[in-house]
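# Descriptive analysis of the structure
One letter stands for each residue in the lines below.
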Amino acid sequence: VLGCSYVGEGGLPRAFGGSQHPATLVLRGLSITDDGTLGDVTDYEIPQEDHSSSPPIIFEASVQLVSIPYAEALLHVDCSGEEVSCELSPYSFRQEGSGLCPASWFLATIRLSSGISIALLLRGPSCSSQKEEGHDVTLHPKLRIPMSKKGTLLTTVEFQSSSNNTSLRTRLGSSITLDCHFALAPSFLLSSLEWRRQHRGSGRSLFRYHVGNAGPTVQPKVHVDVEQLLGNGDASLTLQEASVDDVGTYICLVSTAQHQVQHNIQLLVAEPPRVRVFPKEVSFKRDETITLTCNIAGYYPLDVSVSWTQKTPEDEVEISLSNTGFSSHRQSRDGTYSITSYLSISSATAQAPATYTCHVSHVALEAPISISTYLKAPEHTESEGLIGGAIATAIFVSVLFIVLRRKRSAEPKPEQLLTASE
């Protein structure tokens, strides 16, 4: 039992003036494996109708003709904590019959937060079928289709299509499979399958197959197993040697003679950056400014975050630095990008020893990359030692000369000693 929104009124989708109403989708007859928890499942009971308001929109859908994929996930969605969105809308591709209430078709679109997407084509009752069974026809006031005695809309699932992921990511040069499966009621036959790619306002057909034709029309690097397509409804497309030009929305279009169901799969190509920092170790000479370089290369897409930090033995945490510079972005032949970041440190202000680190974040990285260089404490060179020694020696000799001179001037002269003895 899924809480849904009914979008559209009078056959019009919301974008063309339709409205939105709360609705319920009840899938009856699901085929699932009992894992020991089904004893706690209770049957759905139709809410008692409140005559003071219009009846609720409740679709009861029998799944006897078509198996429903991911039924266990749908059944346990309340316990698993997974989020579900469900939308019901009129299917206006083609209506059967004529008169006051021709046979109606509805599309149920179910999406799970894990990425699963399911599309169900529901066939509703017509007035003629109700009369043939000897039932009085009562139309739903909003949908204008026959209701059951309990006030629900009895439908059957006659066409379903599914995909296990609506958003995928791959690396350059990799192969990836875009999942698309379908199942049809016995009265339905597959007419065609087409895969299309759309990106930035332009579209292109990648694969097209019409049942009965000699073979499919296929673009390079893509493959669909026609035998699996016709045998078990596997319409999945495999993309080989992914490049940045393969980014976009891939659309799986499964068609019968009367109806068509589609799935949209977003494909992102993401390549992580390679990061180098040089020099690896530096030390200052007198009155010197050193430039540290962080080279970030080979990443896609374009957005990348680069920052620098400093940490000395006295610092408890890394300190962010703002005196950085950047080159312009460069793009290589394979479509990936590169950029260089610079950090200038001066002997007049920098504290040594210290560690300087370049941090790089990108969508293709699970965690940021951090590469460090080490600023050593100042060291005296051999010439500086000799000069210092000479200066120290000169100072010592000067001081000694002054002390001796003062000592000699303080001693009495011989004439002074003779006078004193007389």
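Residues numbered from 1 in each chain as written. Predicted model: local features only at pLDDT ≥ 70, side-chain atom pairs only at ≥ 80, totals over all residues. Heavy atoms only, no water.

An unreviewed UniProt entry lists the protein under the name Ig-like domain-containing protein, from Pavo cristatus.

Right, let's talk about the packing of aromatic side chains for a bit. According to the stated counting rule, one finds six aromatic pairs in the structure shown. Ring geometry for tyrosine 6 versus phenylalanine 59: centroids 6.2 Å apart, planes at 20°, classification stacked. Taken together, the positions of tyrosine 6 in strand β1 (residues 2–7) and phenylalanine 59 in strand β3 (residues 57–62) put the pair 53 residues apart, joining distant regions of the chain. The buried category is assigned to phenylalanine 59, whose relative accessible area is 0%. (Phe/Tyr/Trp six-rings, centres within 6.5 Å; stacked < 30°, edge-to-face > 60°. Helix = DSSP H or I, 4+ residues; strand = E, 2+ residues; numbered from the N terminus. Buried < 20%, exposed > 50% of the residue type's maximum accessible area, 1.4 Å probe, protein only.)

Next up on the list: the side chain of serine 104. Looking at where serine 104 falls in the secondary structure, it is placed in the loop between β4 (84–90) and β5 (105–112). Given the relative accessible area of 8%, serine 104 is considered buried. Setting aside anything within four residues of it in sequence, one finds serine 104 in contact with Leu122, Arg123, Gly124, Pro125 and Ile145. (Contact = heavy atoms within 4.5 Å.)

Take the pattern of salt bridges next. Tallying each qualifying case throughout the model produces six salt bridges. A salt bridge links arginine 171 to glutamate 271, with the nearest nitrogen and oxygen atoms 2.9 Å apart. Of this pair, arginine 171 sits in the loop between β8 (167–170) and β9 (176–178) while glutamate 271 sits in the loop between β17 (260–269) and β18 (274–278), and the two are 100 residues apart along the sequence. Residue arginine 171 is classed as partly exposed on the basis of its relative accessible area of 44%. Accessibility expressed as a relative area gives 13% for glutamate 271, which makes it buried. The partner of lysine 221 in a salt bridge is aspartate 246, and the shortest N-O contact between them spans 2.8 Å. (Salt bridge = Lys/Arg side-chain N within 4 Å of Asp/Glu carboxyl O.)

Moving on, we come to the sheet that holds β8. By way of backbone hydrogen bonds, the strands of a sheet pair with one another, either parallel or antiparallel. The strand order β8-β17-β16-β11-β12-β13 describes an open sheet built from six strands, whose pairing is mixed. Because the sheet does not close on itself, it has two edges, and the strands there are β8 and β13 (217–218). As defined by bridge partners, β8 adjoins β17 across four bridges and the pair is classed as parallel. Bridge pairing in β17 places threonine 170 opposite valine 269. (Pairing = 2+ DSSP bridges.)

Attention now goes to the pairing of β3. Within β3, five of the six residues are buried, which leaves the element mostly enclosed by the surrounding structure. Of the strand pairs in this sheet, strand β2 (residues 20–28) and β3 are connected by six bridges, and their pairing is parallel. From the neighbouring strand, threonine 24 faces β3, where its bridge partner is isoleucine 58. With four bridges connecting them, β3 and strand β7 (residues 153–163) associate as parallel partners. When the sheet's bridge partners are listed, phenylalanine 59 is paired in β7 with leucine 153.

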